[in-house]
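Below are the chains, spelled out letter by letter.
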Amino acid sequence: MARSSSPRPTGFLALLSVASLLVFAALYCVAFVAQPDVTLGIVQKIFYFHVSAAIAMMLCLSCGSLLSLVDLIAPSDRVDALAQSAIETGLAFAVMVLTSGPLWARKSWGAWWTWEPRLTLTLMLLLLAAAVLGIRGMAADGTGRKIAAALASLAAPVAYLIHVAVEKWGGTHPMVLKGGGIQSPGMQLTFRVAMFAILLFATTLWTLRFRVLRLEQRILAIRLEFSAQDVRRSRQGGPT
Amino acid sequence: MLLRLTWLLLRKDLRVAARSREVFGFMLLFSLLCVVVFAFGFLREGEAAAEQVPGVLWVTLLFSGTVGVLRLFAAEEEGGTLQLVQRTLAGLHPLLLSKALLQLLFSGVTMLLLLPVVLVFFDAALTRPSLTLAALALGLVGQAMLGALVGALLVHVRLREVLLPLVLYPLLAPLLIAGVRLTVLAQADAPPEALQGWLLLMAGYDALLIAVAPWLHARVVEP
């Protein structure tokens with residue numbers, strides 16, 4: 001049975017506490033350590049959480065797609081739960097990226113939304129992840145899992161092609177990391193702390209969802225076991 | 001063997017389609033309606049906008065293709081024969097391939113009939129017809145392969161009619177972006193260097209789908 005869902009989740013609680021502390025530390029750094037950007041002003045501070053969330057989203061969704069492929073090749077309940085929770089966490093961070101992005105874009109580019117390559121790709125990833133999870137929820141248990149796994153493993157190469165297509169389509173776009181947006185040590189420190197905090201937060205969410213899914217699988221297994229016992233008992237009782 | 005089985009299945013589907021005459025006719029009618037609706041949407045002072053032709057063409061083919069994809073497995077499902085077909089055949093590949101070819105045939109004919117209609121309605125002419133046709137062909141091949149796969153996967157899913165486009169359209173995004181760009185570039189008579197990348201992208205995606213879709217289908221459908 002699932003080891004990770006033992007009744008005393010000490011490891012998980014430790015992870016949760018560290019992640020929470022780090023998120024507060026990151027907030028402190030964003031507010032007091034990092035200097036406001038010279039050209040963009042205070043709105044540039046969205047960057048610390050926005051970029052970290054984008055990286056967390058990419059990591060979660062790539063893991064989800066890869067794990068789905070693994071589950072398709074060698075089916076296992078554990079891998080399936082890992083993949084599904086990864087995609088769910090990725091979807092949550094995609095929402096975070098697409099909320100913080102336009103806020104920043106409004107100030108720096110003058111528009112809430114532009115069809116800039118990365119924005120477009122993030123939106124498409126959000127749609128794909130939502131569709132995969134939606135189908136999983138709609139289909140019957142056994143088939144939904146396989147269908148979602150097939151679509152999720154197809155989504156990774158497609159996401160790469162969408163990336164290539166929108167890059168060619170959109171042309172030039174601002175590159176914050178390469179453009180030298182962060183020079184001062186305070187900003188660099190803040191970025192590192194925020195990145196670490198968000199990644200740990202993502203791991204926490206992922207672990208949490210994974211534990212819940214494993215428990216669900218366990219409950220299902222117990223239910224099946226009970227109904228099988230019922231059938232056996234009624235057979236032993238013989239025809240009345 | 002694969003080709004023979006595929007051909008037999010395709011011939012069966014064509015015969016059914018020829019007798020019932022429902023899906024293809026509705027696809028055509030639906031695509032015509034799409035163009036009309038787009039013309040209403042993009043009308044400026046009573047004149048249709050010729051520069052919208054690439055977009056109208058591709059989105060119409062995307063929408064009308066969905067009608068076909070949704071009905072691809074309808075005959076098997078309604079007759080309850082899908083499981084039988086899946087079990088009797090040597091492998092599942094012929095089934096998927098025959099459905100993809102059927103879809104390609106329907107959407108290809110729709111495209112050929114639709115193209116002149118769009119050009120007339122929007123008062124436009126094709127600058128480089130061969131290039132536009134090549135882009136459309138690449139797009140329809142990808143749509144047919146992916147449509148057959150997604151259609152097969154979703155046969156037994158509730159709310160299939162709603163969910164299918166939700167999955168199909170994001171997955172078709174590379175073809176749609178590249179196809180529309182290519183058509184725009186062809187209309188603007190762009191140099192070949194500008195076109196190469198887009199054509200390569202579409203061909204690459206088609207190749208990926210042709211290689212991967214049968215495997216994914218078999219992994220999901222097999223017990």
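Reference entry: report on the structure contained in this document.

### Points about the packing of aromatic side chains
Here the distance between the centres and the angle between the planes together describe a pair of aromatic rings. Using the criterion set out here, one finds eight aromatic pairs over all chains in the structure. The interplanar angle of 5 degrees and the centroid separation of 6.0 Å between the aromatic rings of B:F38 and B:F42 together place this pair among those described as stacked. Residue B:F38 and its partner B:F42 are located together in helix α2 (residues 23–42), separated by four residues, close to a single helical turn. A relative accessible area of 33% means that B:F42 is categorised as partly exposed. An aromatic cluster is present here, built from A:F47, A:Y48, A:W104 and A:F191 joined pairwise through their rings. Cation over ring: B:K99 sits above B:F73, and NZ or CZ is 5.3 Å from the ring centre.

### Quick notes on the interface of chain A and chain B
Tallying the contact residues gives 29 residues for chain A and 30 residues for chain B. Interface of chain A and chain B: buried area, both sides summed, is about 2500 Å²; carbon and sulfur atoms make up 84% of it. The largest per-residue losses of area from chain A upon contact with chain B belong to A:M138, A:L154 and A:L161, which jointly make up 23% of the total buried on that side. Joining chain A to chain B, the criterion identifies zero salt bridges. Linking chain A with chain B are two residue pairs in polar contact (both at pLDDT 80 or more). Breaking the side of chain A that touches chain B down by element, the ones donating at least two residues are α2 (46–73), α4 (117–138) and α5 (141–170) of chain A. Among the residues forming the side of chain A that touches chain B, the class breakdown is 24 nonpolar, three polar and two charged.

### As for the side chain of B:T6
Residues and elements named next belong to chain B. You can see T6 is positioned in helix α1 (residues 2–20). Using a relative accessible area of 5% as the deciding quantity, one classes T6 as buried. Setting aside anything within four residues of it in sequence, one finds T6 in contact with P94, L97, S98 and L101.

### A word on a positive patch on the surface
On the surface, B:R4, B:R11, B:R15 and B:R19 cluster together into a positively charged patch. Tracing the backbone through its elements, the reader meets B:R4 in helix α1.

### Describing unusual backbone geometry
All names here are of chain B. Unusually for a residue other than glycine, L159 sits at a positive phi of about 55 degrees. Structurally, the position occupied by L159 is in the loop between α7 (129–153) and α8 (160–187). Overall, L159 belongs to the partly exposed group, its relative accessible area being 47%. For D189, which is not glycine, the phi torsion reads 55 degrees and is therefore positive. Residue position: D189 is located in the loop between α8 and α9 (192–221).

About the thresholds
- Residues numbered from 1 in each chain as written.
- Chains lettered and ligands numbered in written order.
- Predicted model: local features only at pLDDT ≥ 70, side-chain atom pairs only at ≥ 80, totals over all residues.
- Heavy atoms only, no water.
- Phe/Tyr/Trp six-rings, centres within 6.5 Å; stacked < 30°, edge-to-face > 60°.
- Helix = DSSP H or I, 4+ residues; strand = E, 2+ residues; numbered from the N terminus.
- Buried < 20%, exposed > 50% of the residue type's maximum accessible area, 1.4 Å probe, protein only.
- Lys NZ or Arg CZ within 6 Å of the ring centre and 35° of its normal.
- Contact = heavy atoms within 4.5 Å.
- Buried area = accessible area lost by both parts, 1.4 Å probe.
- Salt bridge = Lys/Arg side-chain N within 4 Å of Asp/Glu carboxyl O.
- Polar contact = N/O pair within 3.5 Å; in protein donor to acceptor, adjacent residues only side chain to side chain.
- Nonpolar A, V, L, I, M, F, W, Y, C, P; charged D, E, K, R; others polar.
- Patch = residues over 30% accessible without salt bridge, like charges linked within 9 Å, V, L, I, M, F, W, Y side chains within 5 Å.
- Areas by Shrake-Rupley, 256 points an atom, 1.4 Å probe, with all protein chains shown as cover.
- Lys, Arg positive; Asp, Glu negative; His and termini not counted.
- Charge placed at Lys NZ, Arg CZ, Asp CG, Glu CD.

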